[in-house]
Each structure stands twice: as C-alpha cells, then as structure tokens.
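Here are the chains, one letter per residue:
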Amino acid sequence: MGRPATKPTKLKDGYYLEIRNKGSKSGIKIMRETEKAMNIAIKEYDKVKDVVILGEFKNGKPVSKPKKAK
C-alpha cells in the first residue's frame, strides 16, 4: 500500500454512469463506448441500484449535464 493519488484521474472519451446503492451518497463510475451500450447498462442496474447518468465526456470534460435515470 502506498499513498493515495493526489491528481484526479483523466476520464476516457465515452458515456459515463454512476452506480450507487439505494440511499447512498457515493458510488462508482462506469464507462461505456456508445450511447446504446449505456442505455443497456441503465436497464441492467436500474432494478437494484440508483443510477445517475453523467453523460458524454470528451477530453476528460463533460459534454452534457448529469441527470437521474428514470
């Protein structure tokens, strides 16, 4: 074990979701290459977890604003 990272990680180009346990404030980010793959992942996780759509990222920056999955 070493020190924790001090620099934020660079995000790859693609579509990102944040998956959380129901009622939790933090979660993990999942990246998908296409919007279609992102929608499949939303359907898969939505039954058990809270899903926040972070949207598309290019050059490590968001193209759209985050929104809650229905």
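Just so it is clear, the structure is predicted and the values come from calculations on it, not from any experiment.

Asker: What should I look at first to understand the overall build of the chain in this one?
Answerer: For the chain, the helix and strand inventory stands at one helix and five strands. Start at the N end of the chain and walk to the C end: the helices and strands fall as β-β-α-β-β-β. Along the first, second and third principal axes, the C-alpha atoms of the chain reach 35 × 25 × 20 Å. Across the 70 residues of the chain, 26% fall into the buried class. The long-range fraction of contacts in the chain, counting pairs at least 24 apart against all pairs at least 6 apart in sequence, stands at 46%. Total accessible area on the chain is roughly 5,800 Å²; 54% of this is exposed by carbon and sulfur atoms. With 19 positive and 8 negative side-chain charges, the chain shows a spacing of 5 Å between the two charge centroids.

Asker: Explain the pairing of strand S1 (residues 14-20) to me, please; I cannot follow it from the model alone.
Answerer: Looking along a regular strand, one sees the side chains alternate between the two faces of the sheet. Of all seven residues making up S1, six are buried, and the element is well covered by its neighbours. The pairing of S1 with strand S3 (residues 50-58) spans seven bridges and is classified as antiparallel. Residue pairing for S3: Glu18 is matched across the bridge by Val52. Pairing geometry for S1 and strand S2 (residues 28-32), over five bridges, is antiparallel. Bridging from a neighbouring strand, Glu18 pairs with Lys29 of S2.

Asker: Please clarify how the pattern of salt bridges should be interpreted in this entry.
Answerer: Between side chains of opposite charge, a pair can form as their charged atoms come close. Within the structure shown, the criterion is met by two salt bridges. Among the ionic pairs, Glu18 bridges to Arg20, the shortest N-O distance being 3.4 Å. Taking the relative accessible area as the measure of exposure, Arg20 reaches 21% and is therefore partly exposed. Of the charged contacts, one joins Lys58 and Glu56 as a salt bridge, the two residues approaching to 3.9 Å between their closest N and O atoms.

Asker: Would you mind showing me how to read the nonpolar core here?
Answerer: When a protein is soluble and globular, its nonpolar side chains tend to lie buried together. Tyr15, Leu17, Ile19, Ile30, Met38, Ala41, Ile42, Val51 and Ile53 together form the largest nonpolar core, which totals nine residues. Every element with two or more residues in this core is listed here: S1, helix H1 (35-46) and S3. Contacts of Ala41, omitting those with residues within four sequence positions, involve Leu17 and Arg32.

Asker: Just to check I follow, could you spell out the packing of aromatic side chains for this structure?
Answerer: To describe a pair of aromatic rings, you give the distance between the ring centres and the angle between the ring planes. Counting across every chain of the model gives one aromatic pair. Look at Tyr16 and Phe57: their rings are 5.1 Å apart centre to centre, the planes differ by 70°, and that puts the pair in the edge-to-face class. Taken together, the residues Tyr16 in strand S1 and Phe57 in strand S3 connect sequence positions 41 residues apart. Side by side, Tyr16 and Phe57 carry an identical accessibility label, which is buried.

Cut-offs and rules
Residues numbered from 1 in each chain as written. Predicted model: local features only at pLDDT ≥ 70, side-chain atom pairs only at ≥ 80, totals over all residues. Heavy atoms only, no water. Helix = DSSP H or I, 4+ residues; strand = E, 2+ residues; numbered from the N terminus. Buried < 20%, exposed > 50% of the residue type's maximum accessible area, 1.4 Å probe, protein only. Contact = heavy atoms within 4.5 Å. Areas by Shrake-Rupley, 256 points an atom, 1.4 Å probe, with all protein chains shown as cover. Lys, Arg positive; Asp, Glu negative; His and termini not counted. Charge placed at Lys NZ, Arg CZ, Asp CG, Glu CD. Pairing = 2+ DSSP bridges. Salt bridge = Lys/Arg side-chain N within 4 Å of Asp/Glu carboxyl O. Core = buried A, V, L, I, M, F, W, Y, C linked by side-chain atoms within 4.5 Å. Phe/Tyr/Trp six-rings, centres within 6.5 Å; stacked < 30°, edge-to-face > 60°.

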